[in-house]
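# Fold and contact review
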Amino acid sequence: MSEENKIQEVMVGLAANVFRYMTRHESSIVFEEAGITEAQLANKLVQILKKHQYPPTKVPRIRRFVIELAVWMMKDKSENIDSFKGMGMEVVLEGVLETTSELESFNVFSGTVGLHRHNITTQSLVDMALELMEDR
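Keep in mind it's a predicted model, so treat the numbers as computed, not measured.

Attention shifts here to the environment of Ala-70. The topology assignment puts Ala-70 in helix α4 (residues 62–76). For Ala-70, a relative accessible area of 0% puts it in the buried group. Distance in space between the C-alpha atoms of Ala-70 and Ala-16 is 8.3 Å, their sequence separation being 54 residues. If we skip the residues at most four places from it in the chain, Ala-70 touches Leu-45, Phe-84 and Met-89.

Written as structure tokens, this is what we have:
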């Protein structure tokens, strides 16, 4: 189970970074070729956050990566905001704010010790996502 979570963390992190450099058209092609909709991905992201209500030490960046990807999706298409809102993302994000740990602030680790902090805090990412949902 731990191995599965680690792979999921890596894949969500990769997606969050790759999609950031794609145009709306390019990302639409990726979704079409993968045979999934953005609503299905949004649902999976919400489920990941619900599964990891507290910051896991085995996959310390999974919640951060999920939120980064969700923010990108909401900025890319406003329809995604409605999807996330309909799935209860606001409540889940409020929970993330209450349970964010120092561990989630780092992007480089040596074993379990954080060495390099992210430029944007997890709280700032959550605030950004909640702001996007408020505006709609």
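As a further point, take the packing of helix α3 (residues 38–51) against helix α5 (residues 78–86). For the pair α3 and α5, interaxial distance at closest approach is 10 Å and the crossing angle is 40 degrees. Put simply, α3 runs oblique to α5. Viewed along their axes, α3 and α5 form a crossing whose handedness is right-handed. Together, Glu-38, Ala-39, Ala-42, Leu-45 and Val-46 of α3 and Asn-80, Ser-83 and Phe-84 of α5 make up the contact between the two elements. Taken together, the residues that form the contact of α3 with α5 break down as 5 nonpolar, 2 polar and 1 charged.

Reading the values: rules and limits
- Residues numbered from 1 in each chain as written.
- Predicted model: local features only at pLDDT ≥ 70, side-chain atom pairs only at ≥ 80, totals over all residues.
- Heavy atoms only, no water.
- Helix = DSSP H or I, 4+ residues; strand = E, 2+ residues; numbered from the N terminus.
- Buried < 20%, exposed > 50% of the residue type's maximum accessible area, 1.4 Å probe, protein only.
- Contact = heavy atoms within 4.5 Å.
- Axes fitted to C-alpha atoms, helices over the stretch in contact; angles between N-to-C directions.
- Parallel < 35°, antiparallel > 145°, perpendicular 65-115°, else oblique.
- Left-handed = near helix turned anticlockwise from the far one by under 90°.
- Nonpolar A, V, L, I, M, F, W, Y, C, P; charged D, E, K, R; others polar.

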